[in-house]
Amino acid sequence: MNKKTFYVTTPIYYPSGTLHIGHVFTTTLAWTLRNYKTKMGYDAKMLTGADEHGLKIQRKAEENKMNPQEYVDKMTDIFKSLWTKLEIDYDYYSRTTSENHVKSVQKIFSDLSSKGDIYKDYYEGLYSVSDEEFFTEKDAVKKEDGYYSPVSDHKLELVKEESYFFKLSKYEEWLKKYIKNNPTFIVNPNTTKELFRNFLDKGLEELSVTRSTFTWGVPILEDDKHILYVWLDALSNYITALGYNNTSNQDFIKYWENGDEIVHIMAKEITRFHCIYWPIMLEALELKQPTSIVSHGWIVTSTGKMSKSKGNVIDPLQLIDEYGPEVVKYYFASKFSLDQDGTFDEEFIKSAYNNELANIFGNLLSRTIAMSVQNFGEQPIKYSDSEQDIDLRMKNDILAHTSEYKEMFDKFQLKNAFESTISLGRKLNNYIDQTTPWLLKTEDEKVRLEKILNTLLNGIYAIYTMLSVVMPNKANEAMKLLGQSSLDFNEISNWNKFNTSQLIKSTPLFERKK
Ligand code: MSP
């Protein structure tokens, strides 16, 4: 049978500097979702990459005395080495300087032009190089010496230049209807409200889509003075990486046109580009829309939003050295609600590690295996029915928390999903305290003991299956200690899976940190 497909993307990041924990957050979410969908039986793919054109990159390369291509090549190596260290594997690494992308995006521009959706005019306005974004005087922040970006607080430059424009207004009514008719397209209803209030209700301005005063960009075929404005170039990556306009790559057909689920994840400052410009571009190209757009808040520090000038940017490499890649990913996937900003604090990683991974999940595994091996040696801990309320309740809880976890994942609420896992872990530890298995010693009592241990093993199996999407290596270790050959959501309700398993006693999976 053909599997359903799932395609999730992160933004493609600017290689104007190294990546920080904010980028790690988004990429961890996308990666965890991809893994979850794979576990649920989907053919699931994930894209990340780099957005390599634009004035900001051109200037950065000049500062580094490199040509822009050399500079972005070097940065891509640095980005990729971070993902390797974090043990984040992706299926597509999209680069806007790749030949495939350049050709495809040139064709996209030509197609939009032939449809009559593009016209030439002059652009005059305020531009933020650091955000690669135009602002009107109304939206900009006025200070004594000029206008500043409301997003990054960088000074805006006044530009006047010839530019091609994309007729957004032609599609405005269509977009409003589309969003209203598809209430889960933009996942967070507050995001939808803000987009209407700030942009759609005010009427869309036409979008400048080419620049003619610098050269680091994709040249358009129709006019050699112009290069594509970064956003048209960048957003297209989500389809060019799949082989759109490239007949030798069938992935576009499989994961986009005939695909089942397509999800874009990004933070709030670029939601507008993904929820307004991108759907309109797709509609103009007569292509299908993504299924869901997930916009999340920012990771901030106790001294506010991370920025180079404030010197409060947190380097993920240090965290990986200290805690290892899986703990870092567990922390980012499980501790932040997407609908608000969240404060990073290293103490929270440590407490999540000690309180959840070591005390709840690790302890549960080692206690249960130790009691099993001590009392039953190499004999498997077999399942038999129980009439006792406490056992029935525990088994119900295992199934209920598994369902809740899935429901939360399907709504992109990863924090709530993992809270359900933690809560199941607590209940299993309480179940041990209440059933006092360590007191059951006689042959008669051993019948009861085996039922308790089997319930625990089944609960632990559910927990490590849920954790496997974010900590695959630790979950694999647990799987081996449990004598299992896989961790599969479909097996959670099969209580007989330990009937032939050989358990292995070992040192703790998570050593407590001082
Ligand atoms: N190149 C564009 C995106 C083009 S996508 C077609 C861009 N790049 S970026 O390098 O600035 O990355 C922005 C994204 O990085 C955010 O939308 C978010 O996914 C992630 N984050 C960067 N800083 C972040 C935080 N402080 N907190 C959370 N996410 C952060 O915009």
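So, here's what we can say about the structure. (Residues numbered from 1 in each chain as written. Predicted model: local features only at pLDDT ≥ 70, side-chain atom pairs only at ≥ 80, totals over all residues. Heavy atoms only, no water.)

### Some details on a negative patch on the surface
Together, D315, D321, E322, E346 and E347 line one region of the surface with negative charge. Taken together, the elements giving at least two residues each to the negative patch come down to helix 11 (316–323) and helix 13 (346–376). Counting through the fold element by element, D315 comes out in the loop between strand 15 (304–305) and helix 11. (Patch = residues over 30% accessible without salt bridge, like charges linked within 9 Å, V, L, I, M, F, W, Y side chains within 5 Å. Areas by Shrake-Rupley, 256 points an atom, 1.4 Å probe, with all protein chains shown as cover. Salt bridge = Lys/Arg side-chain N within 4 Å of Asp/Glu carboxyl O. Lys, Arg positive; Asp, Glu negative; His and termini not counted. Charge placed at Lys NZ, Arg CZ, Asp CG, Glu CD. Helix = DSSP H or I, 4+ residues; strand = E, 2+ residues; numbered from the N terminus.)

### As for the side chain of T191
Topologically, T191 is positioned in helix 6 (residues 189–200). Given the relative accessible area of 11%, T191 is considered buried. In contact with T191, other than residues within four places in its own chain, are I186, T271 and S295. (Buried < 20%, exposed > 50% of the residue type's maximum accessible area, 1.4 Å probe, protein only. Contact = heavy atoms within 4.5 Å.)

### Thoughts on the pattern of salt bridges
A full pass over the atoms with the stated rule returns 31 salt bridges. For the salt bridge of E99 with K103, the shortest nitrogen-to-oxygen distance reads 2.9 Å. A residue pair is termed a helical-turn pair when its members lie 3 or 4 positions apart in one helix, as E99 and K103 do in helix 4 (residues 99–114) at four residues. In terms of burial, E99 and K103 fall into one category: exposed. The partner of K225 in a salt bridge is E162, with the nearest N and O atoms 3.5 Å apart. Placement of the pair is K225 in the loop between strand 10 (210–211) and strand 11 (227–228) and E162 in strand 8 (residues 157–166), with a sequence separation of 63 residues.

### Remarks on helix 3 (residues 68–85)
Counted at 1.5 Å a residue, the expected span for helix 3 with its 18 residues is 26 Å, and the 26 Å between its end C-alpha atoms agrees. Of the residues making up helix 3, those classed as buried are P68, Y71, V72, M75, T76, F79, L82 and W83. With its buried residues spanning 135° around the axis, helix 3 presents them on a single face. Seen from the buried face of helix 3, the exposed residues on the opposite side, beyond 90 degrees, are D77 and T84. The inward-facing, buried residues of helix 3 contact strand 1 (5–13), helix 1 (21–39), strand 2 (43–50), helix 2 (55–63), strand 3 (92–95) and helix 11. Near the N-terminus of helix 3, the side chain that reaches the backbone nitrogen of Q69, with its oxygen 3.1 Å away, is that of N67. Two residues or fewer after helix 3 comes E87, characterised by a positive phi angle close to 55°. (Expected span 1.5 Å × (residues − 1). Arc of directions from axis to C-beta. Polar contact = N/O pair within 3.5 Å; in protein donor to acceptor, adjacent residues only side chain to side chain.)

### Structural notes on the packing of aromatic side chains
Aromatic rings considered in pairs are described by the distance between their centres and by the relative angle of their planes. Evaluated as defined, the whole model comprises 37 aromatic pairs. Geometrically, the ring pair formed by Y123 and F134 is tilted, given 4.0 Å between the ring centres and 45° between the ring planes. With Y123 in strand 4 (residues 118–128) and F134 in strand 5 (residues 133–135), this residue pair connects regions lying eleven residues apart in the sequence. Grouping residues by exposure puts Y123 and F134 together as buried. Each member of the aromatic cluster is reached from another via a ring pair, and the members are Y36, Y330, Y405, F409, F418 and F489. The cationic tip of K395 hangs over the ring face of W495; the distance from NZ or CZ to the ring centre is 5.8 Å. (Phe/Tyr/Trp six-rings, centres within 6.5 Å; stacked < 30°, edge-to-face > 60°. Lys NZ or Arg CZ within 6 Å of the ring centre and 35° of its normal.)

### Some remarks on the packing of helix 14 (residues 389–410) against helix 15 (residues 414–435)
Where helix 14 contacts helix 15, the two axes come as close as 7 Å, and the packing angle between them is 170°. Of the possible angle classes, the one that applies to helix 14 and helix 15 is roughly antiparallel. Looking at the contact of helix 14 with helix 15 residue by residue, the class counts come to twelve nonpolar, seven polar and four charged. (Axes fitted to C-alpha atoms, helices over the stretch in contact; angles between N-to-C directions. Parallel < 35°, antiparallel > 145°, perpendicular 65-115°, else oblique. Nonpolar A, V, L, I, M, F, W, Y, C, P; charged D, E, K, R; others polar.)

### Focus on the environment of D260
Tracing the backbone shows D260 in the loop between helix 9 (251–257) and strand 12 (261–267). Expressed as a C-alpha distance, the spacing of D260 and H296, which sit 36 residues apart in the sequence, is 23 Å. Reaching out from D260, the side chain makes a polar contact with the backbone nitrogen of T5 at a distance of 2.9 Å.

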